[in-house]
Amino acid sequence: MISTDEKLQVFLQSAFDHFSQNLNVPFDFVKEAVKNNPIPRDIGGNILKLAIAVREHNHFADPYDGAKIFSELSNMVASCLMLTSARQSFLGELGLRCTLSQRC
Amino acid sequence: MYWPCSYRNQYGKCCNMKSGHNPKGHQNSAGKIIGAGGYQSDFVFDDYADRFIDEIRTNLKKIQQEVYDLTFRRKRLTEEEAASEVHRQYMNLFYQNVGDVYHFVSHSTCFSCLRELPEHPLPCGHVLCTPCVKAYGQQYEKTVIKLDSCPLHLGETEFLNDFPWRIKVKPLHAGTRILSLDGYLQSKLTIEAKPC
């Protein structure tokens, strides 16, 4: 997504801060974006709550098939991450979103 | 902590979790001890975590592509609206695949977006957060949003009598208000306390 002027300003300032300290290391755009819009701690907890609900109420052949539970969950979680990043208008493409998914 | 032991014998299945397993051994759901020994499980999340992340990453790539395709096809949609629409399809599919959607109710997590606090209960029992209500409903009046069906299970709730469901939302810049009964009224009111 394209940055708004307000958001660009934040990035410009952090880039100035960064290069005033260190000229040889490149400015990490993704790291800065994650710092400005951290995924709240509780999203991991929310995924856990959904996973527990799936474990209790699923109708799989084996209700305790962990691999199946998490493979079903991966679609939902990926879709939620996409929705979250669209709602918060996180910048960047897949690279950033993958970073977000790792942080969860 | 949330994954039960996988031990089973002719008396049933052990239902103890790892944290509370050791002193007693294997117990079935009735609380009866069915065997001795420690916690055992063939599913360890640490082993599975990388695969889980990989699956999320692959699906994310696919979903992102779908969202972009949708924004190209229907130019009027913003990225958020397109993401909401794609998300609703995936969410419906997910709840159809895993089980009875009526059991998936939480009052502390919005099971639609897994991010916000749920605030608005629907007649089907599910509770949604304000951004989800705004994304899947239509503005009816200034502070009322009309929801045609529950986004968690679209097909089942579409033509129910309870829907469209009207949800009142607080105006954006309004503060929180409480009704206070004070002064003269207080002395006139009698409060009945029922024994619990």
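These figures come from a predicted structure and were not determined experimentally. (Residues numbered from 1 in each chain as written. Chains lettered and ligands numbered in written order. Predicted model: local features only at pLDDT ≥ 70, side-chain atom pairs only at ≥ 80, totals over all residues. Heavy atoms only, no water.)

Glancing now at the sheet that holds strand 8 (residues 144-147) of chain B. All names here are of chain B. Taken together, the 3 strands give an open sheet; going across it, the order is 7-8-9, and neighbouring strands pair in antiparallel fashion. The sheet is open, and its two borders are formed by strand 7 (138-139) and strand 9 (165-168), each paired with just one other strand. As paired strands, strand 8 and strand 9 are joined by 4 bridges and run antiparallel to one another. Of the residues in strand 9, the one forming a bridge with Ile 145 is Ile 167. (Pairing = 2+ DSSP bridges. Helix = DSSP H or I, 4+ residues; strand = E, 2+ residues; numbered from the N terminus.)

To describe a pair of aromatic rings, one takes the distance between the centres and the angle between the planes. Per the counting criterion, the structure on display carries 4 aromatic pairs over all chains. Between Phe 70 of chain A and Tyr 48 of chain B, the aromatic rings sit 6.1 Å apart at their centres with planes inclined by 45°, giving tilted as the arrangement. Note that Phe 70 of chain A is positioned in helix 4 (residues 66-87) and Tyr 48 of chain B in helix 1 (residues 45-73), a pairing that runs across two chains. An identical accessibility class is assigned to Phe 70 of chain A and Tyr 48 of chain B; each is buried. Between the aromatic rings of Phe 70 of chain A and Phe 52 of chain B, the centroid separation amounts to 5.0 Å while the plane-to-plane angle is 75°, which identifies the pairing as edge-to-face. Note that Phe 70 of chain A is positioned in helix 4 and Phe 52 of chain B in helix 1, a pairing that runs across two chains. Across the pair, Phe 52 of chain B and Phe 70 of chain A agree in class, each one buried. Members of the aromatic cluster, connected to one another through ring pairs, are Phe 70 of chain A together with Tyr 48 and Phe 52 of chain B. (Phe/Tyr/Trp six-rings, centres within 6.5 Å; stacked < 30°, edge-to-face > 60°. Buried < 20%, exposed > 50% of the residue type's maximum accessible area, 1.4 Å probe, protein only.)

Each side of the interface is counted separately: chain B has 47 residues, and chain A has 45 residues. Where chain B abuts chain A, roughly 4600 Å² becomes buried across the two surfaces, and 67% of that area is made up of carbon and sulfur atoms. When the buried area of chain B at its contact with chain A is split by residue, Leu 60, Leu 114 and Arg 115 of chain B rank highest and sum to 17% of it. Counting every contact that joins chain B to chain A gives 10 residue pairs in polar contact (both at pLDDT 80 or more). Counting only elements with at least two residues in the side of chain B that touches chain A, the list comes to helix 1, helix 2 (79-98) and helix 3 (130-136) of chain B. The leading source of residues in the side of chain B that touches chain A is helix 1 of chain B, at 15 residues. Residues belonging to the side of chain B that touches chain A are distributed by class as follows: 27 nonpolar, 11 polar and 9 charged. (Contact = heavy atoms within 4.5 Å. Buried area = accessible area lost by both parts, 1.4 Å probe. Polar contact = N/O pair within 3.5 Å; in protein donor to acceptor, adjacent residues only side chain to side chain. Nonpolar A, V, L, I, M, F, W, Y, C, P; charged D, E, K, R; others polar.)

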